[in-house]
Amino acid sequence: MSDIKQSAEDLAVLEQLNVDYNDADQASDAKRFSELLAEDFIVQTPGVTRNREEYLEYIAKPRPFKDLALRESRIRILGDVALIHGRATYTMIADGTEQEAPVHGRVPEA
């Protein structure tokens, strides 16, 4: 298979995985997250670092936001690794404020 065709197929898979990740976040779908996250997964948000188990417990709780939407993303395939950068928006349920957050991820080739 040509590198260009493989790259396009890889890109399509990564784009769908990124959508799945965001959908699972909005739905508090810890089961889907458990399928997506590496065993050594670590997430850092302002003031908090969580490992995979801690994050799955956190994600299982009802989300404090609604209308999570991926507004833009850029996926770069760099050999055996892909980097995902983007921007997501959402609305806080408590006060209705609209928020924006950067999206970053690293996906190793399976």
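Residues numbered from 1 in each chain as written. Predicted model: local features only at pLDDT ≥ 70, side-chain atom pairs only at ≥ 80, totals over all residues. Heavy atoms only, no water.

Trainee: Go over unusual backbone geometry, please, and point to the residues and values.
Mentor: Phi is positive for Ser28, close to 55°, though the residue is something other than glycine. With a phi angle near 60°, Asp67 is a residue other than glycine that sits in the positive phi range. The topology assignment puts Asp67 in strand β3 (residues 65–78). (Helix = DSSP H or I, 4+ residues; strand = E, 2+ residues; numbered from the N terminus.)

Trainee: Go over the pairing of strand β4 (residues 81–92), please, and point to the residues and values.
Mentor: Residues in a regular strand project their side chains so that they alternate between the two faces of the sheet. Alignment of β3 against β4, held across 11 bridges, turns out to be antiparallel. Looking at β4, one finds that Leu70 is bridged to Ala88. Remark: two residues form the turn of the hairpin made by β3 and β4, two consecutive strands paired antiparallel; Gly79 in that turn has positive phi of roughly 70°. (Pairing = 2+ DSSP bridges.)

Trainee: Explain the packing of aromatic side chains to me, and be specific about the residues and the numbers.
Mentor: In the structure shown here, the tally under the stated rule is five aromatic pairs. Centroid distance Tyr21 to Phe33: 4.8 Å. Interplanar angle 75°. Geometry classified as edge-to-face. Here Tyr21, found in helix α1 (residues 3–26), pairs with Phe33, found in helix α2 (residues 30–36); they are 12 residues apart in sequence, far enough to count as distant. Taking the centre distance of 5.2 Å and the plane angle of 50° together, the rings of Phe65 and Tyr90 count as tilted. Residue Phe65 is located in strand β3, and its partner Tyr90 is located in strand β4; the two are separated by 25 residues in the primary sequence. Across the pair, Tyr90 and Phe65 agree in class, each one buried. (Phe/Tyr/Trp six-rings, centres within 6.5 Å; stacked < 30°, edge-to-face > 60°. Buried < 20%, exposed > 50% of the residue type's maximum accessible area, 1.4 Å probe, protein only.)

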